[in-house]
Every structure is written in C-alpha cells, then in structure tokens.
Amino acid sequence: MSSLSKHSYAKSFNALSFLTKRLLFSFLILLTAGGRLAAQDQYELNSGWLCAPMTKVKASGEEISTAAFGLSEWKNAVVPGTVLTTMLANKEVPDPFFGMNNELIPDIYKTGRDYYTYWFVKDFKESPADGDGQVWLKFRGINYSCDIFLNGKKVNETPFKGMYLRKTFNITKLLAKNGNNRLAVIVHPADVVGNPNGGQGGDGTIAKGVALQYTAGWDWIRPIRDRNTGIWDKVQIVRSGKVSLINPHVVTLVPGKREVSGAQEPALIKVTAELKNTSNQEVSGKLVYTMDGKQVTQSVLLKANSTAEIKFPDFVLKNPKLWWPAGYGKQDLYALKLSFLEKGTKLTDSQTVQVGVREIQTKWNDITSSKEVAVNGQKIFIKGGNWIISDAMLRFSKERYDAEIRYHRDMKLNLIRIWGGALIERPEFYEACDKYGMLVFQDFWMSGDCNGRWVDPMKLEDQWTRRKYPDDHHLFLESASDMIKMVRNHPSLAIWCGGNEITPPDDILIPLRDSILPALDGTRWFIDYSNSDDMSRNTLGGNGDGPYTIQNVSTFWETKTFPFNSEVGSVGVGDLESLERFIPKASMVAPEYISPEKRGEKGPSEKVDSVWDYHNYLGVGYEQHILPYGKPANVADFAKKAQVVNYDQYRGLIEGFSSHMWDWYTGVIIWKTQNPWTSMRGQMYDYYLDPNACLFGLRSAGELLHVMYNPVDGMVMLVNNDFKGKQNVMLVAKAYDMEGKATDLTQVFCFIDGSTTKKVLSLKKMMDELSAKKGAFLSLQLLDENKRVLSDNLYWTADQKGMYSGLNELKSASLTASAKQLKDGQVEVTLRNPAGGPVSFFNRLSLVDAKTGKRILPVFYDDNYFSILPGAEKKVLIEYTGGQGGVTPALTLSDYAGKKTEIPLR
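Reading guide: rules and limits
- Residues numbered from 1 in each chain as written.
- Predicted model: local features only at pLDDT ≥ 70, side-chain atom pairs only at ≥ 80, totals over all residues.
- Heavy atoms only, no water.
- Helix = DSSP H or I, 4+ residues; strand = E, 2+ residues; numbered from the N terminus.
- Rg over C-alpha atoms; globule rule 2.2 N^0.38 Å.
- Buried < 20%, exposed > 50% of the residue type's maximum accessible area, 1.4 Å probe, protein only.
- Contact = heavy atoms within 4.5 Å.
- Areas by Shrake-Rupley, 256 points an atom, 1.4 Å probe, with all protein chains shown as cover.
- Lys, Arg positive; Asp, Glu negative; His and termini not counted.
- Charge placed at Lys NZ, Arg CZ, Asp CG, Glu CD.
- Pairing = 2+ DSSP bridges.
- Axes fitted to C-alpha atoms, helices over the stretch in contact; angles between N-to-C directions.
- Core = buried A, V, L, I, M, F, W, Y, C linked by side-chain atoms within 4.5 Å.
- Polar contact = N/O pair within 3.5 Å; in protein donor to acceptor, adjacent residues only side chain to side chain.
- 1 Å grid on protein atoms, 1.4 Å probe; cavity = no way out; pocket = protein on both sides within 12 Å on 5 of 7 lines; lining within 4 Å.
- Points joined across faces, edges and corners; volume = space filled by probe spheres on them.
- Nonpolar A, V, L, I, M, F, W, Y, C, P; charged D, E, K, R; others polar.

K.L.:
Now, about the overall build of the protein chain: what can you tell me, with residues and values included?
P.N.:
The number of helices and strands found in the protein chain is 17 helices and 46 strands. Scaling as 2.2 N^0.38, a compact globule of 906 residues should have a C-alpha radius of gyration of about 29 Å, and the protein chain matches this with 30 Å. Along the first, second and third principal axes, the C-alpha set of the protein chain runs to 90 × 75 × 60 Å. Within the protein chain, buried positions represent 58% of all 906 residues. A separation of at least 24 residues holds for 73% of the contacts in the protein chain among residues at least 6 apart in sequence. On the protein chain, roughly 35900 Å² of surface is accessible, and the fraction owed to carbon and sulfur atoms is 51%. Charge separation in the protein chain, taken as the distance between the mean sites of 108 positive and 102 negative side-chain charges, equals 5 Å.

K.L.:
Quick one: what's the story with the sheet that holds strand β22 (residues 378–380), residue by residue and with numbers?
P.N.:
Working definition: the strands of a sheet are paired by backbone hydrogen bonds and lie parallel or antiparallel to each other. As summarised here, the arrangement of the 3 strands in space is β20-β21-β22, forming an open sheet in which the pairing is antiparallel. Looking at the sheet topology across the chains shown, the edges are occupied by β20 (360–365) and β22. Strand-to-strand twist of the sheet, defined as the mean angle between neighbouring strand axes without regard to direction, takes the value 40 degrees. When β20 meets strand β21 (residues 370–375), the two strands line up antiparallel, connected through 6 bridges. Within β21, the position partnered with Gln361 by the bridge is Ala374.

K.L.:
Break down the nonpolar core for me, citing the residues and quoting the values.
P.N.:
Within the largest apolar cluster, 206 residues are counted, with the highest numbers of intra-cluster contacts made by Phe139 and Tyr214. With 11 residues, helix α14 (residues 635–659) is the largest single contributor of residues to this core. Excluding anything up to four places from it in sequence, Tyr214 contacts Trp220, Ile221, Ile224, Asn228, Ile388, Ile389, Asp391, Ala392, Leu394, Trp419, Gly421 and Ala422. Core analysis: the second largest hydrophobic core is formed by 48 residues, Ala273, Trp324, Val353 and Ile495 among them.

K.L.:
Give me the pairing of strand β25 (residues 439–443): which residues, what numbers.
P.N.:
Among the 5 residues of β25, 5 are classified as buried, and the element is accordingly described as predominantly covered. The two faces of β25 match: Leu439, Phe441 and Asp443 on one face and Val440 and Gln442 on the other face are all buried. The pairing of strand β24 (residues 415–418) with β25 spans 4 bridges and is parallel. Its bridge partner lying in β25, Arg417 is registered against Phe441.

K.L.:
Break down the side chain of Ser279 for me, with residues and values.
P.N.:
With respect to the secondary-structure elements, Ser279 resides in the loop between β13 (267–277) and β14 (283–291). At a separation of 3.0 Å, a polar atom in the side chain of Ser279 contacts the main-chain carbonyl oxygen of Gln281. Among all residues touching Ser279, those that are not within four sequence positions of it are Lys242, Ala304 and Asn305.

K.L.:
Give me the lowdown on empty space enclosed by the protein, citing residues and values where you can.
P.N.:
Space left empty within the atom packing is revealed by a probe, the size of a water molecule, rolled over the atoms. Under the defined criterion, the tally for this structure stands at 5 cavities of 30 Å³ or more. Residue lining of the largest cavity: 14 residues in total, with Val250, Val251, Thr252, Arg358 and Arg524 positioned closest to the centre. For the lining of the largest cavity, the element with the highest residue contribution is strand β12 (residues 243–253), accounting for 4 residues. Of the residues in the lining of the largest cavity, the class split is 4 nonpolar, 6 polar and 4 charged. Split into classes, the residues belonging to the lining of the second largest cavity amount to 6 nonpolar, 4 polar and 2 charged.

Now the structure itself:
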C-alpha cells in the first residue's frame, strides 16, 4: 500500500464511529486468522466406505485399520446407512418396501446378531495438524454399539453404545504422518433384538435397549430385518485450534402479547457455550458473538485440559423480526456467529447458529380442561400431524426432509409430533421445520405398547417387568441429555414429552423433568406422556386418544372427544399410480366390504388381497364408506373413490374440531400424516412423496379464514384462526345440481373476531330439498370488499337415501386449459369452466415425465383434487425441483367423471 493510500485509509478509519471500528477490527481478526485452524473446518466421510460381515473377517481392528490390510474382497457400503441399506444397494436383498419382498429377507431374531454385525472401513486423507491445531472424529449416530480403530490404534477407550449418543474423539495424535488414514468400525446390533411376532413392537423386548422400537414391527409397518444396525448418521472430520467451541445454547425471550406486523418491543437474547481447552496450559481469550450487526463479548480464562460453560451478558435485541408458526407470520431467522479468539486475536473455533426469535407459552384452559399453546403471547389452536420417521431404513436427506415438512405446511398444519417409538429427529428435520414454521412436539423413547401400559398376550414379559424398560436407565438419561443439546436451539421445537402413552420409569422421569431439562433447556413445556391429564384431561375414560378408524364426518362435529387429542385419524390410501409403486400387478384387487351379518366372529370388515393386508390395510380400511359412491368396479375405481372419501374425511376432521375451538378443544393431532414405509394407513402422501386427496382436504379446512358447513344441522360457520378480526366479509352460498343449474341460497356480510368461530345460518332445509333426488353441490365462498375470494369450499351432498347417485351420472365439463412455465421449477395452470355446463368435479393435476407418463416427485401443488363451478376460472401454481437432467415435464388433468386430458406446457 502506498503512503498516500495509507494516509487516506487512516483518515477514513478515524472518521468511523467507535462501534463501527470495533466491528471492523473483529472482522479483520476473523478474516486474517486463516490457516488450517479456520472455524469449524469440517467435512463428511459419506462416500468410499467398504464393508464386510464380521463372520467373514478374522483380523482384529488394529490390523484392519492399517494400510497393509487388503480390502479387495470387501463390498461397497452405504454410510450414513445401515447394513440393510448396504445389502439393498449391493442387490443382495430385494426391495423390502415392495410386495411381500420383506418376507424374503432373513430376520435378525432368527439369524442371530452376528449375521448383521459388520465391519465398515474408510480410507481418507488428513494430514497431521499444524502447531496446536486439533482434529476430531465425530459420529452423530451408530446403532447399536461399536469399536473404532484408526491407523492401527483403538480410538474409543470406553464402550460406545446407544443409538442416540453422539461421540467425538480427538484423533490429532492418531493421524498418519503421510496424511493417508484408515478408519475401521465394527458395529454390533442391539443386545436384545426382539421377536417380530406381529405385536406392536413385536414381543416388546426391543424396548430393552435405547433405540427404535418400531423396527420389530407395528400395526403400520413390518419388521426391519437388521433392526437398522449400522453407522446410520453422519461421520465428520472437524478441525479446530487448541480451544474448541461446543454446545452453544441460545434462548430468546419475547415478553408481552405481540402483533405479527409493525414495530416490536425488544426481545432478550441469552447465550451460553462450552469451551474445551485441549492444551496443557491455561488459555485466555474472548468468546464473541455477533447478531443483527451487534457484537457481544465475554472474557474467558480456561484451565488446562478443561471444559467450561461460558455465559454471555444478556443482549437486548431492538425491534426484532419475530418467528411465527406457519400461517400466522414469517419465519425470520438471524445468523448468530460465535467465535473464540485466543488472547483476543487468534481464532481457534467458531460456529453459526440460526436463531428464531420467539417465545413458547402455555396455560391451562379451564373451559376445555386442557393446555393451550401460545407463541409470542398469541394463542394458537393446534392443528398437528403425527410423524414416525422420514424413512424406516434411515435413508435420510436434507431434500427429503424439506419436501415432507413443506407438505405439512401445505396441509395448513402448525405442529408435528414425533412419536415415541422412533427418535429425536435430526437437525435437518428441525431446520426444515424452522424454515416452514412447523412447531414440534418431541417424544422421548417410550411407548405404552412396549413399555408395559397394557396387558398384551403378544409380549414376552409381564407389565411390571416391561415398566422398567430400558435395561440401562443411565444410558437413556445420557442420551436424552445429548439429544437435548443437539436440537434445543431450533425455534420450531416447542414441547418435550416423556413418552408415547406412558411415562418413563420414575428414576428416568424425575431427573429428566426436574434436573436435566431445566438445566439444559428450561424454556419449553414438558409433558410426562402424550395423553397426560396435564395436557388433556380425560373425563371420557379409555386411553385418552383416538378414534383410529374411519368415521362418519358428522362424528367430528357432534361427538366430543379428548380436549387436546394427541392421536386421531384413520385412512390414507393413495390413488392407482401410488398403489402400483409397491403392489404387484396380480394383487391389484379392490377390497370388498363384508357386512356385519356375513362376518365370522371377530372377522375383518373387508376382504383384501394378502399383499394389501401385509401393507397394513386391514383395521383402518374404508369399510362401508366407499359404497355410497357405488360399489367399486375394479381397483382403479376403488382408488378414485377412496380419494373422495379421503378429502371429505380429513376436511371434516379439521372442520369438526375447529368448530369447537376453545370450548371443547385447544388442539388436535392427526394419527398420522406420513409413512416411513409403504403402508396403507394414516398418510397424506405416500412413501414416494406423492400427495393424495387427504392433503388437500386438510389444506382446505385449515386455512386461516375458513367457511364451512356442519353436516348435522346444516349450520354455516366461519372459523378465523388469525389473531385479528375480519370485517365486511361477504358470505356467498349457492347450490348446484348435477347439470350445473345454480340456486342462490344466501349472500350476507359477516363480521368475526380473531381466533374464534361464528355461526351464520342453517341451510339444512334447503340443501335437503335440493339434494333429495341425486344429491347436489354446495358452494360456500367468502369475499373481501374487493370481491377477492378469501375462502372457497365445495361440498357434495348425498341424496335422500344417503347415496351419491348423481356423481355416478356426472358428465365431464368442457374445460379450457393452458399452462405456462413461469421459470425453471414453476408452472402456472389456468382452467376455465364455461357457463351452462356441469360442475367440473374433483380434478387431479399431475406433473409427469413426458417420456414415461409417470409423475415427477415430489411436486407441490397449491391446490389439487379441486372443482370448478360453471363460468368460473381456476389458477393452480405448481412447483418442483427444476434442472432434472433428461426429464421433460408435461401436464395431465383427470376428473371424477373419468376424462383425462393433456395440457400443453408453454
């Protein structure tokens, strides 16, 4: 730099404010710290792994982990993954999700644990660290126990056991001088793998370990044959300086009752982090974080070979951008960057945490006798879905998580409950929930079935014994502590729960509730179990949740159930294309309803093919509910009519619960909204991410401002989920016959307060008369002062015999359709139904591969299974992942009457 440049720079620098100088100085420090000790310099070991079954390897870990050991006979391995995903990738087993293939794969209960005990080996390059640099080997999850070797040395000095424990090992001194390293890991299955005898969790003994319970089978999944043994989550190499930064914790406090828009009163930010000094000397420095352009600093003195938790002074964030649940506001996130500077200048480690500024509150509702959830002071009527796991064989990806959580947002839900027989969901799951505004209700690893709540003849041990599961309570608590630290910074995480339908044993529950959670989190509601009286007082008897079978839609409106019902729902079969993905052609046979007088004692209500039974159709099938639409002629007809029932069932569920918002209910959680396997029950989209009509029924019913029709008394109601009231809203109600003739029913201005419901008028007498012969359509719309549609809801009503006879005679409307590509990955479809014709009923748009005619997945439709009134126009926005090489998108449209057309895509 020339002297003139230096002079100009100094003059400019002197003109800066003191605060600006501080920020610039810190930035220059971070910029020049450089070298191999860059903050959280890390990479994944996620390819190039090899494996071999333990039974075929006689060498020790010390031998295998040396470069001299030959691997020419070893197989490619999937890491992260399981033994079974590796076997599937190597075509050693058939796809267990198709047909009866799962029966062709040996089960660990019969083969013994050694059959699925495998060695995994990875060669990687990493040179020894410079100076006082440190290199760490991190495992985010193994199942169930392992030993680790690197370059001829054993890495873990103590046992590494438990599916839900992360482990970090300092491998600085174990790295090869030439930078060529070999990592070898032997992974053993759980000590007790359980007998998959057809019970919920098999014989229950799978719960003796601290791991997944569903792998021994449930009523919505068949057993996972290796019980998901393997290195199932990420393996990383991380570089740091002599001081590393771990387990940052950010708490946001948002006092008062906030509005979604406008200037905000300040929020309080509380931050702590742990610092680990690996050196033999005392280290001084500064722990610094920046947020919203502001910097907060804490001086630190670390003892040699120690770990200390450092607490920052509280930071007042002015006019914060708040994080809100889906549908209520934006999901703003702040990047909070923490850094440790040795002696105030040398960067040794840093991490960035995405912070959503929000506060979760709960209070008891004396009217409903259940808890009520609020965010930022505003009460939220919970509309949730139960989630098991993204993939039963643990094939997780950021992209799949994003798609699944987006589907839940598109259902107009605001909460996802993670069921207790699975896991603490991965950070990538929570990142998607943060992005899309889904609150999360997270269970710990207990279930009433395996852990002894009920008498169960399928279980090996009695209730008293099962009540003490798992065998290692210390491991459970250690795992819980670690998982809390892993996900506690996510704004979407709202509720902790001790277990599914049962509390943990007291020596787990009490320290978890009274010590561990207050110390490591302290900001969220903890429920001891998923249908606890602390959440939802059970005055009806029974288990406190359900029902789980298909219901008459009127039931949701007129029959009071549990005030914060954590599990209620039923059907979810996809359409024909969905079924064809996992059912062999020979088994594509429609179920047949069996009337009660023709069943044997305790016989099933439907006759189904064995493959359908294997994929869990029986027990929560459609029973007699498809028959009003006419007996299915074939499986295609069954699947089509099932979609109409799907839509009506789940629209009715949310509408019924919403109609009693704050007087009967504070929330409802559907059982369930997704499947990690090719099951036929409880799903709004199939395993392959193809949405069915359930999703769009929920989408209709869950909108922020909604108009709806009570099938019991014909009452038209408004439900306003928004915090603000609505004025001058026009309700327009019309009926249409099967030829498209319209009858005006009413047109009236309505007014409704925020977060409430309102009855308007009953249309029952008129609709009964108009529907008597063939059924009818009821169109309900809400318009704003500019005649913009705020809510649009179309019902189809049965004739006087309870049959939908008119739908069987319904003709296809002569729609005009056009589509244009707005940009790569986004298509807009415009559909017009000319006046004078029939209602265009239950249209299904599909974005397909032009070559194969099969649907592109996943695809996000802002509406589907929709109807268009005579003289009306409908626009649908479609979004998908663009840039898929070799795939040319095309569009098809099919209606209920059976007409299928292709729509040219401009």
